[in-house]
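Inside the fold
If you want the building blocks of each chain, they are given just below.
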Amino acid sequence: MPTGQGGSALVVIDMINTYDHQDAELLVPSAERVVPVLADLIGRARAARTPVIYANDNFGLWRSHHGELVEAALARPHADLIEPIKPDDDSLFVVKARHSIFYETPMSYLLWQLGVGHVVLCGQVTEQCVLYSALDAHIRHLDVTVPRDAVACIHLHLEDAALEMMERNMGARIVRAREVGFPTPTG
């Protein structure tokens, strides 16, 4: 559903994570590099009153709500990767079960309701959930920006390919996080 509207939202993908899954040992070093950049990006979005939406796997915990997912991640050994970027009381949260933030979720409706026509996608995993979410945003006629230093990967060579695909095939702006601007609302 095209929004036809011009607001922006920062979408944080799958960063509320217990890191006790297959490939976690490959993902953690990349996440460690990304978390400080993400913390700054989230802080700037919040300061500009840009919606911050966490889109996160539920890890098969179908009776859980977002607070339980955050608590579970904070109780694990990699809580240091969660604490600096955890949702605040104003953050929005969409639980997803598959790769794309749009697949069988209310994300399209939420973005429409917020007047969002531009999404800044960050989080993990670049070559999986970020890539598929960028494609689904593109086919919904949303403008997409992906800060290359605010996404974490499992395989660096696949991350490079995914970023190139997003830019070439989906018209995504691939930038550094410091280049992402969040206009401060007037009034």
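Before any of the text, the structure's been laid out above.
The structure reproduced in this document is the subject of the present report. (Residues numbered from 1 in each chain as written. Predicted model: local features only at pLDDT ≥ 70, side-chain atom pairs only at ≥ 80, totals over all residues. Heavy atoms only, no water.)

Broken down by element type, the chain carries 5 helices and 7 strands. If you list the helices and strands of the chain from N to C, you get β-α-β-α-β-α-β-α-β-β-α-β. Projecting the C-alpha coordinates of the chain onto the three principal axes gives extents of approximately 40 × 35 × 30 Å. Here the chain, with 187 residues, has 52% of them falling under the buried criterion. (Helix = DSSP H or I, 4+ residues; strand = E, 2+ residues; numbered from the N terminus. Buried < 20%, exposed > 50% of the residue type's maximum accessible area, 1.4 Å probe, protein only.)

Turning next to the pattern of salt bridges. Going through the model one piece at a time under the given rule, you end up with 8 salt bridges. In this structure, Glu83 engages Lys86 in a salt bridge whose closest nitrogen and oxygen atoms are separated by 2.9 Å. Its relative accessible area of 42% is what places Glu83 among the partly exposed residues. Judged by its relative accessible area of 31%, Lys86 is partly exposed. Residues Glu164 and Arg168 are paired through a salt bridge, measuring 3.0 Å at the closest nitrogen-oxygen approach. Note that Glu164 and Arg168 are positioned in helix 5 (residues 156–170) at a spacing of 4 residues, about one turn of the helix. Exposure remark for Glu164: the relative accessible area of 41% places this residue in the partly exposed category. On the basis of relative accessibility, which here comes to 65%, the residue Arg168 falls in the exposed class. Members of the salt-bridge network, linked through shared partners, are Asp14, Asp57 and Lys96. (Salt bridge = Lys/Arg side-chain N within 4 Å of Asp/Glu carboxyl O.)

Glancing now at the side chain of Thr18. With respect to the helices, strands and loops of the structure, Thr18 is situated in the loop between strand 1 (7–13) and helix 1 (24–47). A polar side-chain atom of Thr18 sits 2.6 Å from a polar atom in the side chain of Asp20. In this structure Thr18 touches Ala72, Ala73 and Arg76, once residues within four positions along its chain are discounted. (Polar contact = N/O pair within 3.5 Å; in protein donor to acceptor, adjacent residues only side chain to side chain. Contact = heavy atoms within 4.5 Å.)

Before going further, it helps to examine the layout of surface pockets. Estimates place the volume of the largest pocket at around 330 Å³. Lining the largest pocket are 17 residues; nearest its centre among them are Asp14, His21, Asp57, Gln128 and Cys129. Its residues assigned to classes, the lining of the largest pocket shows 6 nonpolar, 6 polar and 5 charged. (1 Å grid on protein atoms, 1.4 Å probe; cavity = no way out; pocket = protein on both sides within 12 Å on 5 of 7 lines; lining within 4 Å. Points joined across faces, edges and corners; volume = space filled by probe spheres on them. Nonpolar A, V, L, I, M, F, W, Y, C, P; charged D, E, K, R; others polar.)

So, on to helix 3 (residues 107–114). Those residues of helix 3 that fall on the buried side of the exposure criterion are Met107, Ser108, Leu110 and Leu111. Down the axis of helix 3, the sector holding all buried residues measures 165 degrees, keeping them to one side. Directly after helix 3, the chain includes Gly115, whose backbone phi takes a positive value near 75 degrees. (Arc of directions from axis to C-beta.)

One finds Leu10, Val12, Tyr19, Leu41 and Phe182 to be the most contacted residues of the largest nonpolar core, which totals 35 residues. For this core, the element with the highest residue contribution is helix 1, accounting for 10 residues. The next biggest cluster of nonpolar side chains, apart from the first, holds 29 residues, and it includes Ile53, Val144, Val146 and Met170. (Core = buried A, V, L, I, M, F, W, Y, C linked by side-chain atoms within 4.5 Å.)

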